Amino acid sequence: MEGQQAKISLLEQKPVRSALPEESVTYSIVAPVFNEEETLPHFYKRVIAVMESQAESFELLFVNDGSRDGSFRIMQELHRQDPRVHAINFSRNFGHQIAISAGLDYARGQVVIILDADLQDPPEVIPGLIERWKKGAEVVYAQRTKREGETLFKLLTAAAFYRLIERITSIDIPCDTGDFRLLDRRVVDVLILMREQHRFMRGLSVWAGFRQEAVLYERHERFAGSTKYPLSKMIRFSLDAITSFSHVPLQLATSSGLLLAGLSLIGIGIAVILRLFTGAIVGQASTLILVLFLGGIQLIFLGIIGEYLGRIYDEVRARPLYIIHDVLD
Ligand code: UDP
Ligand code: MG
């Protein structure tokens, strides 16, 4: 009964894709796009070449995440030439994770394959993912063995991020996986039901459970253009991931409070002994240092609470996840 209710509220939120009867396809390729005009024609060619080698039907669904270049014009052109190409055009930039979510909402495939449009996720890996699915896997994620063309800084921060996530969350997010993955319709239907605002899709697809398997691949350089994830976006993304799956940062306040309370007992003891035996009084400087230290710690924890509080506020407002300008159906 509860599942049914969730489905009904979802229908209210989900814009109707088409007045045509739903015809389903076997594979939906979902690609989020933000200013990728140089890459799109090549991306299209490579995806089509790979998918045509499969016997089953497929669609290529672009999600144009408020690109300011000619990306959408290229999608319109491809859509005119090839009826297997569809696109959702957002009213503005909503972010990579939301673009993927919209792709899942609109995909008609029995299987959905998510891959970046910058050709960093080579389409040639897709047949390997499909093979695992045919053998019964329901989530097949592509795991990087090597990353080409990334800065040392990106490699180090990514490594630190995955290790941290592994330590402080209760779900087991495999190291070095991105959003490049294959999802069975059953998993997609579960993900569609999760309407949270701050989405960490690769975490949600692990959280959903089902039979998960990995396929290894080498990640290439971007085909053209530069990353759409500057440091500020990466930090926000990491905070979304951590707050979505862990309460550890909140619990740190309790443990550091206990530690500091314990230390203060020792401090009091030392101050009393010094006063009794040497007559010395703990001076102004040490008091000032302690006040600043404790003030700093308290502000840090207020900030952490703020991160969670802001996200709760976003959830309570329950705005739609994205707004669609038009759909190329
Ligand atoms: N992207 C998006 N919206 C954004 C940022 C990125 O749809 O706000 C798309 C982008 O076009 C690309 C994919 O998401 O297809 C991954 O982005 P990017 O390659 O910049 O990330 P990186 O690979 O550097 O982590
Ligand atoms: Mg990329």
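Here's what I pulled together on the structure shown here. (Residues numbered from 1 in each chain as written. Chains lettered and ligands numbered in written order. Predicted model: local features only at pLDDT ≥ 70, side-chain atom pairs only at ≥ 80, totals over all residues. Heavy atoms only, no water.)

Turning our eyes to something else, we now look at the overall build of the protein. For the protein, the count of helices and strands is 11 helices and 8 strands. When the backbone C-alpha atoms are referred to their principal axes, the protein occupies close to 90 × 45 × 40 Å. Relative to its 329 residues, the protein shows a buried fraction of 45%. Once local pairs closer than 6 in sequence are excluded, the contacts in the protein between residues at least 24 apart make up 84%. Accessible area of the protein: about 17,500 Å², with a carbon and sulfur share of 62%. In the protein, 36 side chains carry a positive charge and 39 a negative one; their mean positions are 4 Å apart. (Helix = DSSP H or I, 4+ residues; strand = E, 2+ residues; numbered from the N terminus. Buried < 20%, exposed > 50% of the residue type's maximum accessible area, 1.4 Å probe, protein only. Contact = heavy atoms within 4.5 Å. Areas by Shrake-Rupley, 256 points an atom, 1.4 Å probe, with all protein chains shown as cover. Lys, Arg positive; Asp, Glu negative; His and termini not counted. Charge placed at Lys NZ, Arg CZ, Asp CG, Glu CD.)

Turning our attention to the pattern of salt bridges. One pass over the structure, following the stated rule, counts 20 salt bridges. Between Arg186 and Glu138 there is a salt bridge, and its shortest N-O distance comes to 3.0 Å. Pair noted here: Arg186 is in helix H7 (residues 185–193) and Glu138 is in the loop between helix H5 (126–134) and strand E5 (139–147), with a separation of 48 residues, a long-range link. Among the residues examined, Arg186 registers a relative accessible area of 51% and is labelled exposed. Given the relative accessible area of 11%, Glu138 is considered buried. Through salt bridges with shared partners, one network takes in Glu52, Asp82 and Arg84. (Salt bridge = Lys/Arg side-chain N within 4 Å of Asp/Glu carboxyl O.)

Once that is clear, we can look at the packing of helix H9 (residues 231–245) against helix H11 (residues 284–317). The geometry of H9 relative to H11 is characterised by a closest axis approach of 11 Å and an angle of 85° between their N-to-C directions. In terms of axis orientation, H9 runs roughly perpendicular to H11. For the pair H9 and H11, the contacting residues are Arg236, Leu239, Asp240, Ile242 and Thr243 in the first and Glu307, Tyr308 and Arg311 in the second. When the residues that make up the contact of H9 with H11 are grouped by side-chain class, the tally is 3 nonpolar, 1 polar and 4 charged. (Axes fitted to C-alpha atoms, helices over the stretch in contact; angles between N-to-C directions. Parallel < 35°, antiparallel > 145°, perpendicular 65-115°, else oblique. Nonpolar A, V, L, I, M, F, W, Y, C, P; charged D, E, K, R; others polar.)

Only Asp118 (OD) and Gln120 (OE1) from the protein reach the magnesium ion (ligand 2) as donors, at distances of 1.9 Å. Here Asp118 matches Gln120 in class, with each residue buried. (Donors = N, O, S within 2.8 Å, 3.2 Å for Na, K, Ca; no water.)

Summed over the entire model, instances satisfying the criterion amount to 10 aromatic pairs. An angle of 75° between the planes, with centres 6.1 Å apart, marks the rings of Tyr27 and Trp133 as edge-to-face. One end of the pair, Tyr27, is in strand E1 (residues 25–33); the other, Trp133, is in helix H5, and 106 residues separate them in sequence. One exposure class covers both Tyr27 and Trp133, and it is buried. When the ring of Phe90 is compared with that of Phe94, the centres are 5.3 Å apart and the planes differ by 85°; the resulting orientation is edge-to-face. (Phe/Tyr/Trp six-rings, centres within 6.5 Å; stacked < 30°, edge-to-face > 60°.)

On to the packing of helix H10 (residues 248–277) against H11, then. Closest axis-to-axis distance for the H10/H11 pair is 9 Å, and the angle between their directions is 160°. In terms of orientation, H10 lies roughly antiparallel with respect to H11. Here H10 and H11 pass one another in a crossing that is left-handed. Contacts from Pro249, Leu250, Leu252, Ala253, Ser256 and Leu260 in H10 reach Phe293, Leu294, Ile297, Phe301, Ile304, Ile305 and Tyr308 in H11. Of the residues that constitute the contact of H10 with H11, the class distribution is 12 nonpolar, 1 polar and no charged. (Left-handed = near helix turned anticlockwise from the far one by under 90°.)

For the rest of this paragraph, the subject is the site of ligand 1. Among the 19 residues in the neighbourhood of ligand 1, the closest are listed as Glu36, Asp65, Asp118, Thr227 and Lys228. In the environment of ligand 1, an oxygen atom lies 2.6 Å from a nitrogen or oxygen atom belonging to the side chain of Gln120. Between ligand 1 and Arg219 there is a distance of 3.2 Å, counted from an oxygen atom to a side-chain nitrogen or oxygen. Alone, ligand 1 offers 530 Å² of accessible surface; in the complex the protein occludes 96% of this. (Near = heavy atom within 4 Å. Polar contact = N/O pair within 3.5 Å; in protein donor to acceptor, adjacent residues only side chain to side chain.)

Once that is clear, we can look at the nonpolar core. Core analysis: the largest hydrophobic core is formed by 39 residues, its most contacted members being Phe90, Leu104, Leu183, Leu191 and Tyr322. Here this core gets 6 residues from one element, more than from any other, and that element is helix H4 (residues 96–106). Setting aside residues up to four positions removed in sequence, Leu191 forms contacts with Leu104, Leu183, Arg199, Met201, Leu204 and Ser205. By size, the runner-up hydrophobic cluster in this structure holds 37 residues, among which are Ile48, Leu60, Phe72 and Trp133. (Core = buried A, V, L, I, M, F, W, Y, C linked by side-chain atoms within 4.5 Å.)

This brings us to the pairing of strand E6 (residues 177–184). A regular strand carries its side chains on alternate faces of the sheet. The buried fraction of E6 amounts to 8 of the 8 residues, a majority that puts the element mostly inside the structure. Strand direction decides the pairing type here: strand E4 (residues 109–114) and E6, joined by 4 bridges, are antiparallel. If you follow Val112 over to E6, its bridge partner there is Leu183. Bridging between E5 and E6 involves 4 bridges; their strand directions are antiparallel. In the sheet register, Val139 faces E6, and the bridge partner there is Leu183. (Pairing = 2+ DSSP bridges.)

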